[in-house]
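# Commentary on secondary and tertiary structure
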Amino acid sequence: DSGVTQTPKHLITATGQRVTLRCSPRSGDLSVYWYQQSLDQGLQFLIQYYNGEERAKGNILERFSAQQFPDLHSELNLSSLELGDSALYFCASSVDLLQETQYFGPGTRLLVL
Amino acid sequence: AQRVTQPEKLLSVFKGAPVELKCNYSYSGSPELFWYVQYSRQRLQLLLRHISRESIKGFTADLNKGETSFHLKKPFAQEEDSAMYYCAKAGVRDMRFGAGTRLTVKP
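The sections below set out a description of the structure shown in this document. (Residues numbered from 1 in each chain as written. Chains lettered and ligands numbered in written order. Predicted model: local features only at pLDDT ≥ 70, side-chain atom pairs only at ≥ 80, totals over all residues. Heavy atoms only, no water.)

## Regarding unusual backbone geometry
Omega for the peptide link from A:T7 to A:P8 comes to -10 degrees, which places this bond in the cis form. Its identity is not glycine, yet A:L72 carries a phi of approximately 80 degrees, on the positive side. The phi angle at B:T68 is positive, at roughly 45 degrees, despite the residue not being glycine.

This is the structure in structure tokens:
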């Protein structure tokens, strides 16, 4: 167990809807990362937050947004959902930098119908 | 474009045989390179990283800057090594994963 938790484990929703995924980092980690894993795209880096501020941005769609709260937990908001957004969404955390070891959560499996 | 390539989706070897999982990356700046592993029903976890130069579970990986490769090697594969292996490259503001190689070690 890495100490990173994610909720919910599974989520089923319809196209056009909005969902929020939640992540709690390991104790002491200030950075949180979000990834999307789909069958055709593999594991894609979406975004990094460090101590409440956005630090790095990857292949995140404009329909997606994230934030990190003062208690360091993070939420990933996915809106106007499309069928192609169905994927496994991972959260990871590290002490500080992208170039450090990241500790991954179990993931949230999103199914858009 | 920044890229991490794992050319083999599937790799199958017999127990006790040597194994090499290939990883090539496109070079830009001074990336940090990692191998992450996902065992069945477990979360993704770090196997090893270039900067630490450790050998974990008998695996080693050598960075070859000339060939821009970071292949993962183990001289004698074990059945418990069967898993999904991901090569990853971290820049200052970017993180790229390869598509992964599923290693199966047969008894």
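## Describing the layout of surface pockets
Convention followed: Here a cavity means grid points, on a 1 Å grid over the protein atoms only, where a 1.4 Å probe fits yet cannot get out; a pocket means an open set of points with protein on both sides within 12 Å along at least five of seven lines; lining residues are those with an atom within 4 Å of a point. Grid points are joined across faces, edges and corners, and a volume is the space filled by probe spheres set on the points. Put simply, DSSP H or I for four residues or longer makes a helix, DSSP E for two residues or longer makes a strand, and each gets a number counted from the N terminus. Gly counts as polar in this scheme, as do all residues outside two lists: the nonpolar Ala, Val, Leu, Ile, Met, Phe, Trp, Tyr, Cys and Pro, and the charged Asp, Glu, Lys and Arg.
Approximately 830 Å³ is the volume attributed to the largest pocket. Every element with two or more residues in the lining of the largest pocket is listed here: β4 (31–38), β5 (42–50), β9 (87–94) and β11 (108–112) of chain A together with β9 (83–90) and β10 (95–97) of chain B. Top contributing element to the lining of the largest pocket by residue count: β5(A), with 4 residues. Taken together, the residues that form the lining of the largest pocket break down as 14 nonpolar, 14 polar and 7 charged.

## Looking at the interface of chain A and chain B
Under the convention used in this document: Contact criterion: two residues are considered in contact whenever any of their non-hydrogen atoms come within 4.5 Å of each other. By the criterion applied in these results, polar contacts are pairs of N or O atoms within 3.5 Å in which, for protein atoms, one can donate a hydrogen and the other can accept it, and in which residues neighboring in sequence qualify only through two side-chain atoms.
Every contact between the two is made by 20 residues of chain A and, on the other side, 18 residues of chain B. In this structure, the connection of chain A to chain B is made through 6 residue pairs in polar contact (both at pLDDT 80 or more). Looking at the side of chain A that touches chain B, the elements with two or more residues in it are β4, β5 and β6 (53–57) of chain A. Tallying contributions element by element places β6(A) first for the side of chain A that touches chain B, with 3 residues. For the side of chain A that touches chain B, the per-class residue count stands at 9 nonpolar, 7 polar and 4 charged.

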